[in-house]
Amino acid sequence: LLLERVMQCSTWGPASAGPSLMHKGARPTQPVGHYDFCQRIPAECNERTPKGPPIELTRKLWASIVNVNNSVNTRIVPRTDMEMWGKEEVWSYPDSGFGDCEDYALEKRRELMNIGVPAGDLLMTVARQPNGDGHAVLTVRTSLGEFILDNLQPKVLSWNDTDYTYLKRQSTENSGVWVTINDGREDAVASVR
């Protein structure tokens, strides 16, 4: 049903606003967990994607996105970094079958890259939940907008259909660089000041 709605919007007229995209800002600090991840696996943070339009969202790609989201969400058992590593903020692939939010997102990113989605369209993203807790999700950038793959939500949603305040995410051109997000909602503006 969501894809049908999204696909109907693919014939935007001149008066249409086009796909819903996050507004990017300045270059913030890289999340400490991502920095450590890059130190352990440098190739993950040296991926370059030429500037250009996002990947075309086809029915086949949508089915793959939904399948990867569901598969990873059901295969991985939630565990905190403290439970697994004895410390906070360890970003890693959940190869052991356990992980926390960023581990789910990293696995989804890896699986979608394996089927040909460019790194520049698969962006690790840091957000704040309505209760104030930090959270990491994967943003998939497409020709029909940006969608969130989340371990706390079984559905793939457009970023602006979630109740998160988006703070920062990977650059579309360089996987080792991060940019701030201002999603235009009132609480988002206050949270990044």
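Residue numbers restart at each chain and count upward from 1, following the sequence in its written direction. Only residues with pLDDT of at least 70 get local features here, since the model is predicted, and only at 80 or more are side-chain atom pairs given and counted; chain-wide, interface and lining totals rely on the full set of residues. Hydrogen atoms and water are omitted, and side-chain values are computed over all heavy atoms in the structure.

## Quick word on the pattern of salt bridges
What counts as a salt bridge is simple: a side-chain nitrogen of Lys or Arg found within 4 Å of a carboxyl oxygen of Asp or Glu. According to the stated counting rule, one finds 7 salt bridges in the structure shown. Linking Glu 44 and Arg 109 is a salt bridge whose minimum nitrogen-to-oxygen distance equals 3.4 Å. Remark: Arg 109 occurs in helix α5 (residues 101-114) and Glu 44 occurs in the loop between α2 (32-40) and α3 (59-75); sequence separation between them is 65 residues. As far as burial versus exposure is concerned, Glu 44 and Arg 109 are alike and both buried. Two residues, Arg 75 and Glu 107, come together in a salt bridge whose shortest N-O distance is 3.7 Å. Taken together, the residues span a long stretch of sequence, with Arg 75 in helix α3 and Glu 107 in helix α5 at a distance of 32 residues. Think of it in three bands: residues with accessible area under 20% of the maximum for their type are buried, residues over 50% are exposed, and the middle band is partly exposed, with areas taken using a 1.4 Å probe on protein chains only. Residue classification places Arg 75 among the partly exposed positions, given a relative accessible area of 42%. Residue Glu 107 is classed as buried on the basis of its relative accessible area of 8%. Here the salt bridges do not stand alone but share partners, grouping Arg 75, Asp 95, Glu 107, Arg 110 and Glu 111 into one network. Secondary structure elements are defined from DSSP: runs of H or I of at least 4 residues count as helices, runs of E of at least 2 residues count as strands, and each element is numbered from the N terminus.

## Some words on the sheet that holds strand β9 (residues 178-182)
Any two strands with at least two DSSP bridges between them are considered paired. Spatial strand order, β1-β9-β8-β4-β5-β6-β7: 7 strands in an open sheet with antiparallel pairing. Among the strands making up the open sheet, the edge pair consists of β1 (23-24) and β7 (157-158). Pairing analysis gives 2 bridges linking β1 to β9, with the strands arranged antiparallel. When the sheet's bridge partners are listed, Lys 24 is paired in β9 with Ile 181. Any pair of residues with heavy atoms lying within 4.5 Å of one another is described as a contacting pair. Axis angles are defined between N-to-C directions and span 0 to 180 degrees, where every axis is a line fitted to C-alpha atoms and, for a helix, only to the segment in contact. Here α5 sits on the sheet and contacts β4 (122-128), β5 (134-142), β6 (145-149) and β8 (165-170); the angle it forms with β5, its principal contact strand, is near 20°.

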